[in-house]
Amino acid sequence: MFYEPPLTQYDVNFRILDIPVRIHPFFWVLVLFLGMNVPNQMALLLWFIVVTASILVHELGHALVMRHYGMQPRIVLYSFGGLTIFDRTYHLRWFENILISFAGPAAGFLLLGALTLLCIVTGNPQILGYFPVILGLGGSLAPIGNVTTTQLVLFLIQVNLFWGILNLLPVFPLDGGQICREYCVYRAPQTGLMQSLKVSFITAIMLAVWFFFGGQIFAGILFAWMAISNYQILQQFSQRPW
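These remarks concern the structure in this document. (Residues numbered from 1 in each chain as written. Predicted model: local features only at pLDDT ≥ 70, side-chain atom pairs only at ≥ 80, totals over all residues. Heavy atoms only, no water.)

Topic: helix 3 (residues 94-121)
For an α-helix the count is 3.6 residues per turn, leaving residues at separations of three or four pointing the same way. Applied cut-off: Under the scheme used here, helices are H or I runs from DSSP no shorter than 4 residues and strands are E runs no shorter than 2 residues, and both carry numbers assigned from the N terminus. Multiply 1.5 Å by the residue count of a helix minus one, and that product is the helix's expected span. Bend is computed residue by residue as the angle between axes fitted to the seven residues ending at the residue and the seven residues starting at it.
When the terminal C-alpha atoms of helix 3 are compared, their 40 Å separation across 28 residues agrees well with the 40 Å that a helix rising 1.5 Å per residue should span. Where helix 3 bends most, the angle comes to about 35°, and this point is alanine 103, followed within four residues by the proline proline 105. Positive backbone phi, at 85°, marks glycine 123, one or two positions downstream of helix 3.

Section: the pairing of strand 2 (residues 19-23)
Defined as follows: The classification of residues rests on relative accessible area computed with a 1.4 Å probe and restricted to protein chains. Under 20% of the type maximum is buried, over 50% is exposed, and intermediate values are partly exposed. Note on pairing: DSSP must find at least two bridges between two strands before they are called paired.
Counting buried residues in strand 2 gives four out of five residues, a clear majority hidden from the surface. As paired strands, strand 1 (residues 12-16) and strand 2 are joined by five bridges and run antiparallel to one another. Paired with arginine 15 across the bridge in strand 2 is proline 20. The hairpin turn running from strand 1 into strand 2, its antiparallel successor, is two residues long, and leucine 17 in that turn takes a positive phi close to 55°. One ladder, built from three bridges, connects strand 2 with strand 3 (residues 74-78); its direction is parallel. Of the residues in strand 3, the one forming a bridge with isoleucine 23 is leucine 77.

As structure tokens, then:
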């Protein structure tokens with residue numbers, strides 16, 4: 001469902017920990033679109049830095065575990081976020097695939113843990129109030145240093161916590177959907193794929209409705225598209241419509 005985009009002359013290429021990274025130009029369009037509601041130019045710059053760095057950390061989580069298992073991954077940032085790509089002929093056991101899928105969100109959570117520890121050690125325990133705010137559970141946004149630092153911390157938590165949790169929900173091809181698929185196929189080799197696709201389809205519909213009613217149109221469209229894609233895959237594997 002998510003495919004590597006073609007090479008362009010505007011790609012940015014570099015390496016992190018000897019892992020090739022390519023940033024497709026449409027990635028910048030995505031980041032700009034997602035940040036169109038930030039209040040000013042400085043906040044928009046911080047948004048670009050945070051989103052790019054956070055997605056790189058996420059994909060590096062996948063890539064480092066892949067490399068641990070002997071693969072040679074590469075990372076692409078593009079119009080749907082990030083991809084970590086490896087040779088699909090390499091055979092992995094079900095729990096190894098789960099570890100690779102979980103490593104991406106886990107890397108973001110570890111980054112948040114380090115940020116939280118740094119804030120507490122430097123006398124800013126008010127960061128603990130940011131987490132429930134991002135999750136819609138109340139809390140407070142007491143300033144941490146100046147306005148720029150506060151905005152930076154807020155963006156880091158928003159991207160790595162909220163997006164990380166969202167990415168772990170059982171919707172294919174998100175990491176949570178891949179984890180669900182691997183576990184279901186392991187438990188029920190004959191029917192597990194269908195079971196995971198049904199869970200993915202239903203979850204995607206619920207999330208699309210929730211986002212649409214919450215006024216988050218882009219997220220609603222994204223999950224509606226994933227619901228449709230999962231339904232189409234279901235029809236390919238199913239003998240009858242459902």
